[in-house]
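So the chains spell out like this:
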Amino acid sequence: MKALIVIPAYNEAESLKEVVTTLKEKCPEYNYIIINDGSIDNTMEICKKYGYNVIDLPVNLGLSGAFNTGIKYAYLRNYDCAIQFDGDNQHDASYIKPMLEELNKGYDIIIGSRFTNTRKNLTLRTLGSSLIEWAIKITTGQRIKDPTSGMRAFNKSMIKEFANNLNYDPEPDTIAYLIRRGARIKEVQVSMNERQSGESYLNFSKSIFYMFKMGVSILILQFFRKKDSIAKISHSKEGREKR
Amino acid sequence: MTDFLRIILIIVSFLSMYFIITRIRKSKVQIDDSLFWILFSVLILIMSIFPAVADYLTFILGIYSTVNFLFLVFIFLIIMKMFLMSIKISQLENKIKELTQKIALSEKFNEEEQRKGS
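Residues numbered from 1 in each chain as written. Chains lettered and ligands numbered in written order. Predicted model: local features only at pLDDT ≥ 70, side-chain atom pairs only at ≥ 80, totals over all residues. Heavy atoms only, no water.

Before going further, it helps to spend a moment on the overall build of chain B. Each helix and strand counted, chain B has four helices and zero strands in total. Traced from its N-terminal end to its C-terminal end, chain B shows the element sequence α-α-α-α. Whereas a compact globule of 118 residues would reach a radius of gyration of roughly 13 Å, chain B reaches 24 Å, over 25% beyond that. Its C-alpha atoms give chain B principal-axis dimensions of about 85 × 30 × 15 Å. Buried residues in chain B amount to 25% of all 118 residues. (Helix = DSSP H or I, 4+ residues; strand = E, 2+ residues; numbered from the N terminus. Rg over C-alpha atoms; globule rule 2.2 N^0.38 Å. Buried < 20%, exposed > 50% of the residue type's maximum accessible area, 1.4 Å probe, protein only.)

Turning to the packing of aromatic side chains, a few remarks are in order. Counted under the stated rule, the structure contains 12 aromatic pairs over all chains. Pairing F40(B) with F74(B) gives two aromatic rings, centres 5.4 Å apart and planes at 65 degrees, and the pair type is edge-to-face. One end of the pair, F40(B), is in helix α2 (residues 31-49); the other, F74(B), is in helix α4 (residues 66-117), with 34 residues separating them in the sequence. A connected cluster of aromatic rings, assembled from ring pairs, spans F67(A), F154(A), F162(A), Y168(A) and Y177(A). A cation sits over an aromatic face here: R180(A) above F223(A), 4.1 Å from the ring centre. For R225(A), the ring lying beneath its charged end belongs to Y177(A), and the centroid distance is 3.7 Å. (Phe/Tyr/Trp six-rings, centres within 6.5 Å; stacked < 30°, edge-to-face > 60°. Lys NZ or Arg CZ within 6 Å of the ring centre and 35° of its normal.)

At the junction of the two partners, chain B supplies 12 residues and chain A supplies 17 residues. Here chain B meets chain A over a buried area of about 1,300 Å², counting both sides, of which 62% is carbon and sulfur. Summed over the shared surface of chain B and chain A, the result is two salt bridges. Notably, a salt bridge pairs R77(A) with E112(B), separated by 2.6 Å at the nearest N-O pair. There are eight residue pairs in polar contact (both at pLDDT 80 or more) connecting chain B and chain A. Looking at the side of chain B that touches chain A, its residues break down into four nonpolar, three polar and five charged. (Contact = heavy atoms within 4.5 Å. Buried area = accessible area lost by both parts, 1.4 Å probe. Salt bridge = Lys/Arg side-chain N within 4 Å of Asp/Glu carboxyl O. Polar contact = N/O pair within 3.5 Å; in protein donor to acceptor, adjacent residues only side chain to side chain. Nonpolar A, V, L, I, M, F, W, Y, C, P; charged D, E, K, R; others polar.)

Attention shifts here to the nonpolar core. All names here are of chain A. Core analysis: the biggest nonpolar cluster contains 40 residues, and Y73, I109, M158, F162, L178 and I185 have the highest contact counts within it. Residue contacts for M158: discarding those within four places in its chain leaves D108, I109, L178, A183 and I230. Ranked by size, the runner-up nonpolar core spans 31 residues in total, among them A13, C27, I46 and M151. (Core = buried A, V, L, I, M, F, W, Y, C linked by side-chain atoms within 4.5 Å.)

All names here are of chain A. Despite not being glycine, N11 has its phi angle at roughly 50 degrees, a positive value. Mapped onto the elements of the fold, N11 is located in the loop between β1 (3-9) and α1 (13-26). Residue classification places N11 among the partly exposed positions, given a relative accessible area of 23%. Its identity as a non-glycine residue notwithstanding, N78 has a phi of 65 degrees, on the positive side.

Let's shift gears to the pattern of salt bridges. Residues and elements named next belong to chain A. Summed over the entire model, instances satisfying the criterion amount to 13 salt bridges over all chains. One salt bridge connects K105 with E102, and the closest N-O pair in it is separated by 3.3 Å. One network of salt bridges, with partners in common, ties together E102, K105 and K186.

What follows concerns the environment of N11(A). For the pair formed by N11(A) and K206(A), sequence separation is 195 residues and the distance between their alpha carbons is 18 Å. Setting aside residues no more than four positions away along its own chain, N11(A) makes contact with S39(A), I40(A), D41(A) and T43(A).

Let's shift gears to the side chain of S113(A). All names here are of chain A. One can find S113 in strand β5 (residues 109-113). Looking at S113, its side chain comes within polar contact range of the main-chain nitrogen of F115, at 3.1 Å. With near-sequence residues (within four places) excluded, S113 lies in contact with K145, D146, E187, V188, Q189 and V190.

What follows is about helix α7 (residues 172-180) of chain A. All names here are of chain A. Among the nine residues of α7, eight are classified as buried, and the element is accordingly described as predominantly covered. Among the residues of α7, P172, D173, T174, I175, A176, Y177, L178 and I179 are the ones counted as buried. Where α7 terminates, the next one or two residues include G182, which has phi positive at roughly 95 degrees.

What follows concerns the layout of surface pockets. What the second largest pocket holds in volume is close to 470 Å³. Along the wall of the second largest pocket there are 17 residues; nearest its centre are L166(A), S90(B), E93(B), N94(B) and K97(B). Breaking the lining of the second largest pocket down by element, the ones donating at least two residues are α3 (62-76) of chain A together with α4 of chain B. Ranked by the residues each element gives to the lining of the second largest pocket, the list is headed by α4(B), at six residues. Grouping the constituent residues of the lining of the second largest pocket by class yields five nonpolar, nine polar and three charged. (1 Å grid on protein atoms, 1.4 Å probe; cavity = no way out; pocket = protein on both sides within 12 Å on 5 of 7 lines; lining within 4 Å. Points joined across faces, edges and corners; volume = space filled by probe spheres on them.)

Strand order in the open sheet formed by seven strands is β3-β2-β1-β4-β6-β5-β7 (chain A), and the pairing between neighbours is mixed. Every other strand in the sheet has two partners, leaving β3 (54-57) and β7 (185-189) of chain A as the edge strands with one partner each. The sheet shows a mean angle of 20 degrees between the axes of neighbouring strands, direction not considered. Sheet strands in contact with α4(B) are β2 (31-37) and β3 of chain A, and its direction is about 145 degrees off that of β3(A). (Pairing = 2+ DSSP bridges. Axes fitted to C-alpha atoms, helices over the stretch in contact; angles between N-to-C directions.)

Moving on: the side chain of E112(B). Inspection of the secondary structure puts E112(B) in helix α4. Ignoring any residue separated from it by four or fewer positions in sequence, one finds E112(B) in contact with N53(A), Y73(A) and R77(A).

As structure tokens, then:
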């Protein structure tokens, strides 16, 4: 099975080397690709220096635009699955393998979840996560315990969906939308590190805005989107042959 | 509508029409995009030259004064235009994203081809 690890990187010069080194160490059997999202630090120089596999976006597109570039690459290079992986050392590469094994059992998306076994302790961040969890629960009926987790694995039919459609950000609202279209999604327990360097995409006011956006999107906007059943696509002959 | 307001409106509408048309000609705006503004200036002109039209509509709708009616119409038009512009910006952003990705991906593929070749 051809798996591609997609690492969007915006100003991750400090942590990127460690991320790629551990990645090569822990899962040498999978390919990876870094998407340099128009970084203004020397992320690109580091990639060139160490000969990393990198796509260089000429302008900054944001996390979703960068991730989608990686997905498009995976689609055009005919990969069977893609893993969304952070460039800031928050994710642990040793969980990639169990996630892919789970994906192979016939799921469309596997989410690397921090809270399948452990309970959320109440902080502002987990409160937001719980609100999104609740929004997804009442609109889809499925419980996603860690919807904001940035570590996700996608199968071939999802790669096709993400590569060719508009409004497929790697965010909880897309997950909710896909569940309602019949995608099979499962969570696998992972642990994550605290951010060691660089700046998070989300600060306090941005977090509030993010929550608001996700809330409105999941509860209202997703109902107006066109819905063709995914189950049909991935259960079809083509989907089964590849698996 | 008082005569004074009418005269001001006529002058202003002529000036704005002149302004809009010259700017459109100079800045080479696409016909589609300039259409709205031409119609908009024509509308102001009609309203100022024939206030009876506005007065009549104000009366029918039961609005207190003609000026209020004009506000209502223009604010509505502007909001619709803003909405259309927001759609257009969103489409443009998406096109830029697609182009950026296309450039980056084809560069990557070129590089891979070269590495294979050498």
